[in-house]
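# Report on the structure
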2 protein chains.
Amino acid sequence: MAQKPSIPKGTRDFSPSEVNKRNYIFDVVKKHFQTYGFQPIETPSFENSETLMGKYGDEGDRLIFKILNSGDFLNKVNDELYSTKDSSALTSKISEKALRYDLTVPFARYVVMHQNEIDFPFKRYQIQPVWRADRPQKGRFREFFQCDADVVGSDSLLQEVELVQLYDAVFTDLKLDGVTIKLNNRKILAGIAEVIGERDKLIDFTVALDKLDKIGIDGVSKEMREKNISEAAISKAAPLFALKGTNLEQLSVLGNLLKDSEEGSKGVGELRFIIETLEELGLQSANLKIDVTLARGLNYYTGAIFEVAAPEGVSMGSIGGGGRYDDLTGIFGLKDVSGVGISFGLDRIYLVLEELGLFPEAIDQSLQVLCVNFGIKEALTSLKLVNQLRRAGIKCDLYPSSAKMQKQMKYANNRNVPYVVLIGEQELAGNSFVVKDMVKGGQKTYSLDTPELFYKGL
Amino acid sequence: MAQKPSIPKGTRDFSPSEVNKRNYIFDVVKKHFQTYGFQPIETPSFENSETLMGKYGDEGDRLIFKILNSGDFLNKVNDELYSTKDSSALTSKISEKALRYDLTVPFARYVVMHQNEIDFPFKRYQIQPVWRADRPQKGRFREFFQCDADVVGSDSLLQEVELVQLYDAVFTDLKLDGVTIKLNNRKILAGIAEVIGERDKLIDFTVALDKLDKIGIDGVSKEMREKNISEAAISKAAPLFALKGTNLEQLSVLGNLLKDSEEGSKGVGELRFIIETLEELGLQSANLKIDVTLARGLNYYTGAIFEVAAPEGVSMGSIGGGGRYDDLTGIFGLKDVSGVGISFGLDRIYLVLEELGLFPEAIDQSLQVLCVNFGIKEALTSLKLVNQLRRAGIKCDLYPSSAKMQKQMKYANNRNVPYVVLIGEQELAGNSFVVKDMVKGGQKTYSLDTPELFYKGL
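What comes next concerns the included structure. (Residues numbered from 1 in each chain as written. Chains lettered and ligands numbered in written order. Predicted model: local features only at pLDDT ≥ 70, side-chain atom pairs only at ≥ 80, totals over all residues. Heavy atoms only, no water.)

## Observations regarding the pairing of strand β14 (residues 419-422) of chain A
All names here are of chain A. Threshold: Only strands that DSSP links by at least two bridges are regarded as paired with each other. Going along the chain from the N terminus, every DSSP run of H or I of four or more residues is numbered as a helix, and every run of E of two or more is numbered as a strand.
As judged from the three bridges shared by strand β12 (residues 369-371) and β14, these two strands associate in the parallel manner. From the neighbouring strand, Leu370 faces β14, where its bridge partner is Val420. Judged from the four bridges that link them, β14 and strand β15 (residues 432-437) form a sheet pairing that is antiparallel. Bridge pairing in β15 places Val421 opposite Val435.

This is the structure we're talking about:
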């Protein structure tokens, strides 16, 4: 009895149209990565477990897919440990490799291992799948692509400026006009916590502030109170709840609020430089917006924090994000390598382009010309024409057998072919071919001696 | 103490130049896949174990990487089984997923699961990594890419013709002139075994014949004797050992030898059709050669068998291969779907192109223009120029900090940058920029108002 096939939950098959659409996004992103001077690297799908474990917190460790050792893997387990039947204790004895959980830790490992071949600042991009044993749900998969660009070895704020421009260039090219690039700085958040006298409650404060959009001023204040942030601190922070006006106006308010915090003032200074430089250089279609509630991975970032929101009216979480981290490679023994990077959320960008109908129409034209097959003699002549079209780069095919005309035309329809070529007995005699226009209707006859009169126009 | 990082044996990091070279090969292959009407699909990296296990023989099963179940995986193992401490018996209880071993079985699964959305004949290509827990050695990796094109749902021999043309198109485009495409047919091998009266020794006979190149006629005869193939059979097969002349001449000898075998005659007829059609259509740079010793995966293929050898003088095993199989999808319950496909050996093609110096030079030009950074005011003007170049699609960068000139020029050298742009105080005053030609030497000054006079030529 044959198996009824299925695939693991949280994974996906991608059919031709989906692969083409995904590649369209990847290709646009890659093109801009390259014009911005980023270079591609690739790392193995699995790493030694010790490279990954302990880098993502306990929850992360649990979500890492572990690969069973090959051969008699129980051989290495002593009887005492074995007798405990303790899954987590046994794991490290029977599994020494694991599928990567993100591209950042492998990148850090790469930089340290290859530090002597790398010219710093090193601008790398990496577009590869990652795996997480997360509970699958709508839009959350166990295998998905990450798409990251990072610069390591430079603490210049010009990198932050460029990364914002890079977002703008990619989304403009994808015709996704009107995305909002939100900017914040970890030092500003730290400065706020400092001046309101709640330095040790930075995380609680930030988590509450982050909900301003959803629960409003009263909700945020209430949550802060619940976290034992003092009334005095909450009123000192009040101006943050009502930041208004242009970016530069907001920066003035912030600068004023944080004037007594060295770190906070530094953050405001950095943000001001980035925004002023970008205003001078100009963006093509993206909006730039200070958002002091933005905290993404607070424990990770040390300077700039970025997030990209889809255009207004599209309900979708962030479609990209990133920031600066001062010590990416320290965990692997290379100190003081500052980095800053951004990532693109492929699956969400895909959904947004789909919703807004922004994929180019030609994506679904996987075949531009189909030659009908009328029998072996006609087919041979057709193949010669097909050859010429293919050498001119046109996606072209001959139907492989002389099936009924109806069947061949149905195949052409199903594959969305815009032109069908007919070479029957009559055409063979006349050294010609007929082209049926499947979109507009009608047909035209060409000489087999000058096929370019047909295909040059495609 | 920081970890000293490493990667699992048999896996590789790919640095920028390597990724670019690999992508060059992939892009050429993909372009031709598409002009030949093939469409891309992608399948998950891991499959349910039952999809893969039992499809590659016992040795294959052992080489499949298994993924440990998440969470308390021992929970599902009853105490009796657990007490045996038997790795292989335990495996299926603690691991339900496995990394794919090739792209063919996942493709068969895909076809069956998606049969109602597919228009047959279905021409698909697939370029994805596969994993094998094989002993790593020179040129053999535990993670490597496969690059396959298959047509399912058509038994027309025109597919075989097209696949040979496709090989020719790809290798011609890669400038790898003079590859040899070897052709055989499983039915010919079966016919030979039949007419020499050793039908049940087909495999032994073929394995021995396959060594003709290496051990000569005497060696092959000796091996056949050792496998108890009769002297009478060996002398009947003798003409095979000395096949000479053109493909069509060899076909005559074969046709004569196999005239009493229905299957063998069918095989000769098929091969004749393929070769005559290809001679009529013409190949661009590949040689076509009948090779009755060619057996590749004999148990798998049912008709045509292909293999591609690198040009003479390059010592490298096959750089591609494939064939026709009559029942790809039967294991998953879809009967009578004939398929034929070929694959490209990426890693070997890479080595051959490297050995022959056939990679385009521009591949290592990951940055075409670098602007030297003389300080913040100059940098801002430089960034405006950089923007214009990038929008014109030129890979361009500003050095991120105003480091010493020597350091910046060294970076430019290390990154192989052909043009360095200088905008210092003097240029700023004169609204101009200087371009140093790093290859030919010399420099030129341009106006910042007409940068296209510089970059249009790139």
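## Notes on the side chain of Glu427 of chain B
Residues and elements named next belong to chain B. For the record, the criterion: Any N or O atom pair separated by 3.5 Å or less is treated as a polar contact, with the protein-specific requirement of one donor-capable and one acceptor-capable atom, and with residues adjacent in sequence counted only for side-chain atom pairs. The contact rule is simple, with two residues in contact once any of their heavy atoms fall within 4.5 Å.
Residue placement: Glu427 occurs in helix α17 (residues 425-430). At 2.8 Å, the side chain of Glu427 forms a polar contact with the backbone nitrogen of Gly424. When sequence neighbours within four positions are dropped, the list of residues in contact with Glu427 reads Leu422, Ser432, Phe433 and Val434.

## Let's talk about the relation of the copies chain A and chain B
Both copies of the chain are related through a single rotation about an axis accompanied by a shift along the same axis. For clarity, the cut-off: The copies are overlaid by a least-squares fit using only the C-alpha atoms of residues whose pLDDT is at least 70 in both copies.
Turning chain A through 180° and shifting it by 0.0 Å along the axis lays it on chain B, with an RMSD of 0.1 Å. Overall, the copies show the geometry of a two-fold rotation axis. Residue Ile67 of chain A, judged by its C-alpha, is the member of chain A lying nearest the rotation axis, at 2.2 Å. Mapped onto chain B, 100% of the interface residues of chain A again fall at the interface, so both copies present the same surface.

## What to know about the environment of Glu226 of chain A
Checked against the element boundaries, Glu226 of chain A lands in helix α10 (residues 212-226). C-alpha separation for the pair Glu226 of chain A and Ser382 of chain A, spaced 156 residues apart in sequence, amounts to 78 Å.

## A few points about a negative patch on the surface
Operational definition: For patch detection, residues must exceed 30% relative accessible area and be free of salt bridges, and they are connected within 9 Å for like charges or within 5 Å for nonpolar side chains (Val, Leu, Ile, Met, Phe, Trp, Tyr). A 1.4 Å probe and the Shrake-Rupley method give the accessible areas. Residues count as covered only by the protein chains that appear here. Whenever Lys or Arg places a side-chain nitrogen within 4 Å of a carboxyl oxygen from Asp or Glu, that contact is recorded as a salt bridge. Only four residue types enter the tally: Lys and Arg on the positive side, Asp and Glu on the negative side; His and the chain ends are excluded. To locate a charge, take NZ of a lysine, CZ of an arginine, CG of an aspartate or CD of a glutamate. Note on exposure labels: buried denotes an accessible area under 20% of the residue type's maximum, exposed denotes more than 50%, and partly exposed covers the range between, all computed with a 1.4 Å probe on protein chains only.
Taken together, the side chains of Asp155, Asp326, Asp327 and Asp336 of chain A define an acidic patch exposed on the protein surface. Owing to a relative accessible area of 40%, Asp326 of chain A belongs among the partly exposed residues under this scheme.

## Looking at the sheet that holds β12 of chain A
All names here are of chain A. Just so we agree on the cut-off: Comment: axis = line fitted to C-alpha atoms, over the contacting stretch for helices; angle = value between 0 and 180 degrees taken between N-to-C directions.
Pairing is mixed in the open sheet, where five strands are placed in the order β13-β12-β14-β15-β16. Each edge of the open sheet is held by one strand with a lone partner, namely β13 (396-398) and β16 (443-447). Across the sheet, the mean angle separating the axes of adjacent strands is 25° when strand polarity is ignored. Of the strand pairs in this sheet, β15 and β16 are connected by five bridges, and their pairing is antiparallel. Paired with Phe433 across the bridge in β16 is Tyr446. Helix α16 (residues 405-414) contacts β12, β14 and β15 of the sheet and is inclined by roughly 165° relative to β12.

## Notes on the packing of helix α12 (residues 247-257) of chain B against helix α13 (residues 262-281) of chain B
Residue and element names in this part refer to chain B. Condition: With respect to orientation, any angle under 35 degrees is reported as roughly parallel, any angle over 145 as roughly antiparallel, any angle of 65 to 115 as roughly perpendicular, and every other angle as oblique. By the definition used in this description, the sense in which the near helix is turned from the far one sets the handedness, with an anticlockwise turn below a right angle giving left-handed and a clockwise turn giving right-handed. Under this grouping Gly is polar, as are all residues other than the nonpolar Ala, Val, Leu, Ile, Met, Phe, Trp, Tyr, Cys and Pro and the charged Asp, Glu, Lys and Arg.
Where α12 contacts α13, the two axes come as close as 11 Å, and the packing angle between them is 165°. Judged by the angle between their axes, α12 and α13 are roughly antiparallel. As α12 packs across α13, the resulting crossing turns out to be left-handed. Of α13, the residues touching α12 (which contributes Asn247, Leu248, Leu251, Ser252, Leu254 and Gly255) are Val268, Leu271, Arg272, Ile275, Glu276 and Glu279. Split into classes, the residues belonging to the contact of α12 with α13 amount to six nonpolar, three polar and three charged.

## Quick notes on the interface of chain A and chain B
Going by this rule: Accessible area that two parts lose when put together, with a 1.4 Å probe and added across both, is what the buried area reports.
Taken together, the contact pairs 107 residues of chain A with 107 residues of chain B. Across the chain A/chain B interface, buried area totals approximately 9200 Å², and carbon plus sulfur atoms make up 57% of it. There are 10 salt bridges connecting chain A and chain B. With a shortest N-O distance of 2.9 Å, Asp79 of chain A and Lys85 of chain B are connected by a salt bridge. Our enumeration of links across chain A and chain B arrives at 47 residue pairs in polar contact (both at pLDDT 80 or more). A per-element tally of the side of chain A that touches chain B places helix α15 (residues 376-391) of chain A first, with eight residues. Its residues assigned to classes, the side of chain A that touches chain B comprises 47 nonpolar, 34 polar and 26 charged.

## Some details on the side chain of Glu307 of chain A
Within the secondary structure, Glu307 of chain A sits in strand β9 (residues 304-309). Excluding its chain neighbours within four sequence positions, the residues that come into contact with Glu307 of chain A are Thr180, Ile181, Lys182, Leu294, Arg296, Ser318, Gly320 and Gly321 of chain A.

## Focus on the pattern of salt bridges
Enumeration over the complete set of coordinates arrives at 50 salt bridges over all chains. In this structure, the salt-bridge partner of Lys201 of chain A is Glu198 of chain A, at a minimum N-O distance of 3.6 Å. Pair check on accessibility: Lys201 of chain A and Glu198 of chain A agree, each one buried. Put simply, Arg22 of chain B and Asp347 of chain B hold a salt bridge, and the shortest N to O gap is 3.3 Å. Here Arg22 of chain B is found in helix α1 (residues 16-35), whereas its partner Asp347 of chain B is found in helix α14 (residues 346-355), with 325 residues between them in sequence. Since its relative accessible area comes to 4%, Arg22 of chain B is described here as buried. The exposure class assigned to Asp347 of chain B is buried, which follows from its relative accessible area of 16%. Overlapping salt bridges bring together Lys123 and Glu162 of chain A together with Arg390 and Asp397 of chain B as one network.

## Quick look at the environment of Ser261 of chain B
Residues and elements named next belong to chain B. Residue position: Ser261 is located in the loop between α12 and α13. According to the relative accessible area criterion, Ser261 is buried, its value standing at 1%. Along the primary structure Ser261 and Glu194 are separated by 67 residues, whereas in three dimensions their C-alpha atoms are 6.9 Å apart.

## Quick look at the packing of helix α11 (residues 231-241) of chain A against helix α12 (residues 247-257) of chain A
All names here are of chain A. Between α11 and α12, whose axes approach to 10 Å, the crossing angle comes to 165°. The angle between α11 and α12 falls in the class roughly antiparallel. The way α11 lies across α12 gives a crossing that is left-handed. Of the residues in α12, those touching α11 at Lys236, Pro239 and Leu240 are Val253, Leu254 and Leu257.

## Concerning the sheet that holds strand β16 (residues 443-447) of chain B
All names here are of chain B. One open sheet holds the five strands; their spatial order is β13-β12-β14-β15-β16, and the pairing between them is mixed. Because the sheet does not close on itself, it has two edges, and the strands there are β13 (396-398) and β16. In this sheet, adjacent strand axes meet at a mean angle of 25° when their direction is disregarded. Sitting on the sheet, helix α15 (residues 376-391) touches β12 (369-371), β13, β14 (419-422) and β15 (432-437), and the angle it makes with β13 is about 170°.

## Observations regarding the packing of aromatic side chains
Selection rule: Stacked, edge-to-face and tilted are the three classes for Phe, Tyr and Trp ring pairs, Trp counted by its six-membered ring, which pair at centre distances within 6.5 Å; planes under 30 degrees apart are stacked, over 60 edge-to-face, the rest tilted. Charge-over-ring placement is defined geometrically: NZ (Lys) or CZ (Arg) within 6 Å of the ring centre, and within 35 degrees of the ring normal.
For the structure on display, the rule yields 37 aromatic pairs over all chains. Ring geometry for Tyr446 of chain A and Phe454 of chain A: centres 5.6 Å apart, planes at 45°, overall tilted. For the residue pair Tyr446 of chain A and Phe454 of chain A, the accessibility class agrees, reading buried in each case. By the ring-pair criterion, three or more aromatic residues cluster together here, those being Phe33, Phe38, Tyr125, Tyr167, Phe171 and Phe344 of chain A. Above the plane of the ring of Tyr36 of chain B lies Arg390 of chain A, whose end atom (NZ or CZ) is 3.8 Å from the centre. We note Arg12 of chain B situated over the ring of Phe141 of chain B; from NZ or CZ to the ring centre the distance is 3.4 Å.

## Details of the pairing of strand β6 (residues 143-152) of chain B
Residue and element names in this part refer to chain B. Taking burial as the measure, the 10 residues of β6 include nine buried ones, the bulk of the element. Taken together, the 10 bridges between strand β5 (residues 122-131) and β6 define a ladder with antiparallel strand orientation. By the bridge assignment for β6, Pro129 is matched with Phe145. Direction of pairing for β6 relative to strand β11 (residues 339-344): antiparallel, over a ladder of five bridges. Counterpart to Val151 in the pairing with β11 is Val340.

## Digging into helix α9 (residues 202-209) of chain B
Basically, it comes down to this: Taking the helix axis as origin, the arc is that swept by the directions to the C-beta atoms.
Every buried residue belonging to α9 of chain B is among Leu202, Phe205, Thr206, Ala208 and Leu209 of chain B, and all of these are buried. Down the axis of α9 of chain B, the sector holding all buried residues measures 165°, keeping them to one side.

## As for α14 of chain B
Residues separated by three or four positions in an α-helix point in the same direction, a consequence of the helix having 3.6 residues per turn. Turning to α14 of chain B, its buried residues number three or more, namely Leu346, Asp347, Ile349, Tyr350, Val352 and Leu353 of chain B. Those residues of α14 of chain B hidden inside the fold are in contact with α1, β6, α7 (158-173), β10 (318-325) and β11 of chain B.

## What to know about unusual backbone geometry
Glycine aside, a negative phi is what most residues show, and trans is what most peptide bonds show. Residues and elements named next belong to chain A. For the bond running from Phe120 to Pro121, omega is -5°, close enough to zero to count as cis. Relative to the assigned elements, Pro121 resides in the loop between α6 (104-113) and β5 (122-131). Positive phi outside glycine occurs at Asn228, with the angle close to 65°. Here Asn228 shows up in the loop between α10 and α11. The exposure class of Asn228 is exposed, given its relative accessible area of 59%. Positive phi outside glycine occurs at Asp336, with the angle close to 60°. With respect to the element layout, Asp336 can be found in the loop between β10 (318-325) and β11 (339-344). According to the relative accessible area criterion, Asp336 is exposed, its value standing at 72%.

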